Amino acid sequence: MPQELGVSPVNTEDKLDRRFSVAPMMDWTTSDYRVFARTLTKQTLLYTEMVTTGALLQGNHPERFLKYDECEHPIALQLGGADAKALAECAKMAERAGFDEVNLNAGCPSDRVQNSLIGACLMAHPDKVKDAMRAMQDATSLPVTIKHRIGLDDQEDYSVVRDFVGDIASTGVSTFIVHARNAILQGLSPKENREVPPLKYDYVYQLKKDFPDLEIILNGGIKTIAECKNHLTQLDGVMLGREAYHNPWLLSQVDQEIYHGQPCVSDRYQALEAFVPYVEQKLAEGERLLHLTRHILGIFQGQAGGKQFRRYLSENGHKADAKVNVLLEAIDLVKHHQHKG
């Protein structure tokens, strides 16, 4: 049976409601972005950027990859790696750091990660993935999930993703986040890999039919809440990436439209107002304004004054001594434009 909107997810033992999540995105889903997202939605499950096992186990300051603000819950740590022992160790670190889920990246097509057998190329090594998933589940009481593609290079058959999911599910993993495109490992950049291979939502729908007891979450190309609701009649969850970043106001509809709760804010100004104290705190800790405001440039997308807001922040936010007043002035510019209009 397709899952009805408003029904709790299939995988209830871990208590995480994954009906709507924001995808892990390198350089984008930083803690600063996630704190801003929380001014717009309390229910959405947020993911960290992918963190490699090497960064956590061999780096000088592993704790910096595990830092987040308490308001970011529910939050999942995404790991990149292939070695079962290392992934198990990192899963333990995720639990100690208080994350709500730990996820393995088996979908990133970047050349940089292929050399270390990280990301999408793992789909060609299901036995390695199974070892990793077993080791991670043994190491932590957190839910262990996986994000992957529907195939590699010219693998066109649905049977590829069906067999992969069936194989990995034998380890007891029950949540699969499926980016409904192939990963082309040679000849396409990561950006092209998010746009060129065709989306095959029907493959993901079929997975849910073939594995009704698994939690199947769709990722790739989703742009509106209406599309989300449509997919949720067939699937357990949707995950948005670029759209949730470039058009963050979309997140303000999630708590009401997807979770049937109360919205966090009634307008964009309220969200920005809620973000200002965090900006002030981070500036006091020595963070640059630009690193904070780059995540909110899209908040007025499609609105009068939106371009002026982006331009003002871009031109003035990068200065080493830029303070919170630059953000407040940018907001005033929009108010002026909207009032004039």
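Refer to the structure above for everything that follows.
What you see is a predicted model; the values in this text were computed from it and never measured.

Observations concerning the environment of R18
So, step 1. Mapped onto the secondary structure, R18 falls in the segment before β1 (20-22).
So, step 2. The spatial distance from the C-alpha of R18 to the C-alpha of E215 is 8.9 Å, given a sequence separation of 197 residues.
So, step 3. At a separation of 2.8 Å, a polar atom in the side chain of R18 contacts the side chain of E215.

With respect to the pattern of salt bridges
So, step 1. Per the counting criterion, the structure on display carries 15 salt bridges.
So, step 2. We note a salt bridge from K130 to D167, for which the minimum N-O separation is 2.9 Å. Within this pair, whereas K130 is found in helix α5 (residues 126-139), its partner D167 is found in helix α6 (residues 158-169), the two being separated by 37 residues in sequence.
So, step 3. Ionic pairing is found between K200 and E156, a salt bridge with its closest N-O pair at 2.5 Å. Linking K200 in the loop between α7 (190-193) and α8 (201-210) with E156 in the loop between β6 (151-152) and α6, this pair joins segments that are 44 residues apart in sequence.
So, step 4. Using a relative accessible area of 44% as the deciding quantity, one classes E156 as partly exposed.
So, step 5. One salt-bridge network, in which partners are shared between bridges, spans R18, E101 and E215.

What to know about the environment of V276
So, step 1. Relative to the helices and strands, V276 is located in helix α12 (residues 268-284).
So, step 2. Owing to a relative accessible area of 11%, V276 belongs among the buried residues under this scheme.
So, step 3. Spatially, the C-alpha atoms of V276 and A23 are 24 Å apart, while their sequence positions differ by 253 residues.
So, step 4. Beyond its immediate stretch of four places on either side in the chain, V276 contacts V324, L327 and L328.

Some points on the sheet that holds strand β3 (residues 75-80)
So, step 1. Around the barrel, which closes on itself, the eight strands sit in the order β1-β2-β3-β4-β5-β7-β9-β10 with parallel pairing between neighbours. Averaged over all pairs of adjacent strands, the angle between strand axes in this sheet comes to 25 degrees, irrespective of strand direction.
So, step 2. Contacting β1, β2 (45-52) and β3, helix α1 (residues 31-38) runs over the sheet at an angle of about 175 degrees to β2.
So, step 3. Packed onto the sheet, α8 meets β7 (175-179) and β9 (215-219) and runs at close to 170 degrees relative to β9.

Looking at the packing of α12 against helix α15 (residues 324-340)
So, step 1. For the pair α12 and α15, interaxial distance at closest approach is 9 Å and the crossing angle is 165 degrees. Here α12 lies roughly antiparallel to α15, going by the angle between them. As for how α12 packs across α15, the hand of that crossing is right-handed. When α12 is examined against α15, the residues Y269, L272, V276, V279, E280 and L283 are found in contact with a partner set consisting of V324, L327, L328, I331, V334, K335 and Q338.
So, step 2. Of the residues belonging to the contact of α12 with α15, the class tally is 10 nonpolar, one polar and two charged.

About the cut-offs
- Residues numbered from 1 in each chain as written.
- Predicted model: local features only at pLDDT ≥ 70, side-chain atom pairs only at ≥ 80, totals over all residues.
- Heavy atoms only, no water.
- Helix = DSSP H or I, 4+ residues; strand = E, 2+ residues; numbered from the N terminus.
- Polar contact = N/O pair within 3.5 Å; in protein donor to acceptor, adjacent residues only side chain to side chain.
- Salt bridge = Lys/Arg side-chain N within 4 Å of Asp/Glu carboxyl O.
- Buried < 20%, exposed > 50% of the residue type's maximum accessible area, 1.4 Å probe, protein only.
- Contact = heavy atoms within 4.5 Å.
- Pairing = 2+ DSSP bridges.
- Axes fitted to C-alpha atoms, helices over the stretch in contact; angles between N-to-C directions.
- Parallel < 35°, antiparallel > 145°, perpendicular 65-115°, else oblique.
- Left-handed = near helix turned anticlockwise from the far one by under 90°.
- Nonpolar A, V, L, I, M, F, W, Y, C, P; charged D, E, K, R; others polar.

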